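A look at the structure
These are the residues of each chain, in order.
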Amino acid sequence: MRFVLRILKAFALVLVLVIMAGAGWLYVWPPELLRVGDGYAAKIVCSNVFIAGRDADDVLHDDVQAPGNPLLRLMRVSVDRDNDRVTARFMGLFAPSYALYRGAFGCTSVPDGNFEAAANAVPFDAPARVGATDAVWPQGEGAGDQPDAEIAALLADARLAGPAMRAIVVVHHGRIVAEAYGPGFSAKTPLIGWSMTKTVNAAILGRLMLDGKISFDDDHLLAQWKNDARAKIRVSDLLGMESGLAFNEDYGDVADVTRMLYLDPDMVSLPANAPMEAAPGQRFRYSSGTAVLLSRIWMDRVGNAQAAFSYPHDALFAPLGMTSAVFELDARGTFAGSSYLYATAHDWARFGQFLLQDGVWNGRRLLPEGFVGAMRTPTVASNGRYTQGQAWLAPGGSSARFGLPEDTFWLTGHDGQSMAIVPSADLVVIRLGLTPGWLGYQPQTLLKAILAALPQSGAPQQQAGSQQQAQPQP
C-alpha cells in the first residue's frame, strides 16, 4: 500500500512539474497561434467597444468566441477606458496582446506593446465630422417613402437573411425600399466590412487617379523593389490581385494574413518583402497584403502625412455623406486597406450607390471615367471570378448559376459581409452579419428573391447624388 502511495505522490509531483513547465513555456514563449488569437480578440473588442459602443463581454462572446474556434473560447479581455486600451490573454494569463483606440482613426492592434509608437504614428487630428441630417437618404438619415412590404417580408425570412444577420439594406432607384436589423443592432450601429474595405480602398486610390497623381500603369511602386523583378509590378496588377507576389491567405492557421494583421505592427512589411512566385499579370492570388500595399502606395502619393491621414475623409467619405465611416490604420500609420473599415449599413449603402452611379455623386465625378468599369471587368488570371478593381464577379459561383443578371458585381468580406450591385436593375443590396463560411450561407439567394419582387414597371425616381441630376464634372 505504501508503495502505491509513493507512486501516486511521485506521479502527482511529476504532473505538477509538467504543468508548471508548460505554464512557464506559455508565459515566456507563447506560440504564434495564441498570440494571433489574443491579437484578434483585443482588436475586435476594441473597435466594437470604442467605435460601435457595444458591451465588451457581448463582443467577446458573440464576435470572438461564438463563431466556433475552440481556442478563442479561452480568450479573456480587459478594457482600460482611462488609457483607451484593450488587453487580451489566453486563459487570462498567457500570450498578452493589445489594441489601442486612437479617436476618429479607430483602433489598432499593438502586438509589440509599444503604445507610445502607436500613438505617435498618427500625430494629427482627424478632420472634423459633420453630423447626419434629417433629410431623406442619401442626403441624410430620413426614412422617406414607406418601405416596400413585399421586400420587407423577404428580409424577415431567416432563411434568406442568413444566420446572425446584423443589417440588410435594399436600395432601388436611389432610395432605401427596405431594411432589417438583427437583435441589438440598428441603422446607427457601425459595422465592419472586412474585405469589402478593399473596394473602398481602391476607390480612394481612384480619387488620386482623377487628380493625376497615380495611374493604372505606374510601376516602380516601392523603393525597396527598385533593383529586382518587383519593380515591374504595376498598380493594375495589384488592383487585379495579379502582382505575382507570394501571400498565404489561409485563415485556418498562422498564415501571412493573420501574421500581418495581428503579429506585425507594420502591416506593410510582410507583403512588401514577399518574394515573386510568378510574373506580374500571370497568376491570380487573393491577397490582403496586396490591399495594404495599395494603401501605402496611395498614401505616399498624396504628398504629406497629414494630408494622407485626412484623404479618405476629405476625398470620399465627406462628399458621399458617410458620416459614420472609420477607416482604421496599423500601429505604424498605414491604413488597413484590406480589412478595417467600420460604417453603418446606411453608409455602406451610400458607397454602393456611388459605384452604381459610375463614381458620380451630386453631379460631380469623383472617380475617373472607366474606373468603376474596371471594377466590373473580369481578369483573365482569375478565370472571370475577380475584377480589375478589387471586386468580385463570381464569389462562390457565377451569376448565371444563380440566375442573376450578368452585370451583377460584388463586394464581399469575411464572416458573411456582402454588397451586390446590379446596374441593370438599378439595385444595391447590402448584407452584414457574423456568418462564418462553414454555415454555407450564400447572399445570391437573397438577391435573387429581391430581384423577383421588384416592380416590373415605373420610371426610376430622380435621385439626389445620381448622374441624372447634372452632367459629370471633371
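Notes on the structure follow. Since the model is a prediction, treat every value here as computed from it, not as a measurement. (Residues numbered from 1 in each chain as written. Predicted model: local features only at pLDDT ≥ 70, side-chain atom pairs only at ≥ 80, totals over all residues. Heavy atoms only, no water.)

1. Side note on helix α3 (residues 56–65)
Note the cut-off: Burial classes follow relative accessibility: with a 1.4 Å probe on protein chains only, a residue under 20% of its type's maximum area counts as buried, one over 50% as exposed, and anything between as partly exposed. Labels follow the DSSP assignment, with helices taken as runs of H or I lasting at least four residues and strands as runs of E lasting at least two, numbered in each case from the N terminus. In this description, one arc is meant: the one made by directions from the helix axis to the C-beta atoms. We call two N or O atoms a polar contact when they sit within 3.5 Å, provided that within protein one can donate a hydrogen and the other can accept it, with sequence-adjacent residues counted only if both atoms are side-chain atoms.
Looking only at α3, the buried set comprises A56, V59, L60, D63, V64 and Q65. Along α3, the residues classed as buried sweep out an arc of 155 degrees about the axis, all on the same side. Where α3 begins, one side-chain oxygen reaches toward the backbone nitrogen of D57, 3.1 Å away; that side chain belongs to D55.

2. A word on the pairing of strand β5 (residues 165–172)
Selection criterion: Should DSSP find at least two bridges between two strands, the strands are regarded as paired.
Counting buried positions over the 8 residues of β5 gives 8, a clear majority of the element. Two strands pair when backbone bridges link them, and β5 and strand β14 (residues 427–433) are joined in this way by 7 bridges, in the antiparallel orientation. Bridge pairing in β14 links V169 to I430. Bridge count between β5 and strand β6 (residues 175–181): 6 bridges; the pairing is antiparallel. Bridging from a neighbouring strand, V171 pairs with I176 of β6. Here β5 folds back onto β6 in antiparallel fashion, the turn holding 2 residues, of which H173 has a positive phi close to 55 degrees.

3. Focus on helix α16 (residues 443–453)
Here α16 lies mainly inside the structure; 8 of its 11 residues are buried. Within the sequence span of α16, burial applies to P443, Q444, L446, L447, A449, I450, L451 and A453.

4. With respect to the packing of aromatic side chains
How we decide: Two aromatic rings, drawn from Phe, Tyr or Trp (for Trp, its six-membered ring), form a pair once their centres lie within 6.5 Å of each other, and the interplanar angle then sorts them: stacked below 30 degrees, edge-to-face above 60, tilted otherwise. Placement of a charge over a ring requires the Lys NZ or Arg CZ to be within 6 Å of the ring centre, with the centre-to-atom vector within 35 degrees of the ring normal.
Applying the stated criterion to the full structure yields 17 aromatic pairs. With centroids separated by 5.4 Å and ring planes inclined at 75 degrees, the aromatic side chains of Y98 and F115 adopt a geometry described as edge-to-face. Linking Y98 in strand β3 (residues 94–101) with F115 in helix α4 (residues 115–120), this pair joins segments that are 17 residues apart in sequence. In terms of burial, Y98 and F115 fall into one category: buried. Taken together, a centroid distance of 6.0 Å and an interplanar angle of 80 degrees make the contact between Y286 and Y386 edge-to-face. With Y286 in the loop between α10 (269–272) and α11 (288–302) and Y386 in the loop between α14 (371–375) and α15 (399–402), the pair connects residues that are 100 residues apart, well separated along the chain. Accessibility assignment for this pair places Y286 and Y386 in one class, buried. Taken together, F105, F124, W298, F309, Y311, F327 and F335 form an aromatic cluster joined through their ring pairs. Above the plane of the ring of Y340 lies K43, whose end atom (NZ or CZ) is 3.8 Å from the centre.

These results come straight from atomic positions and should not be treated as a statement about function.
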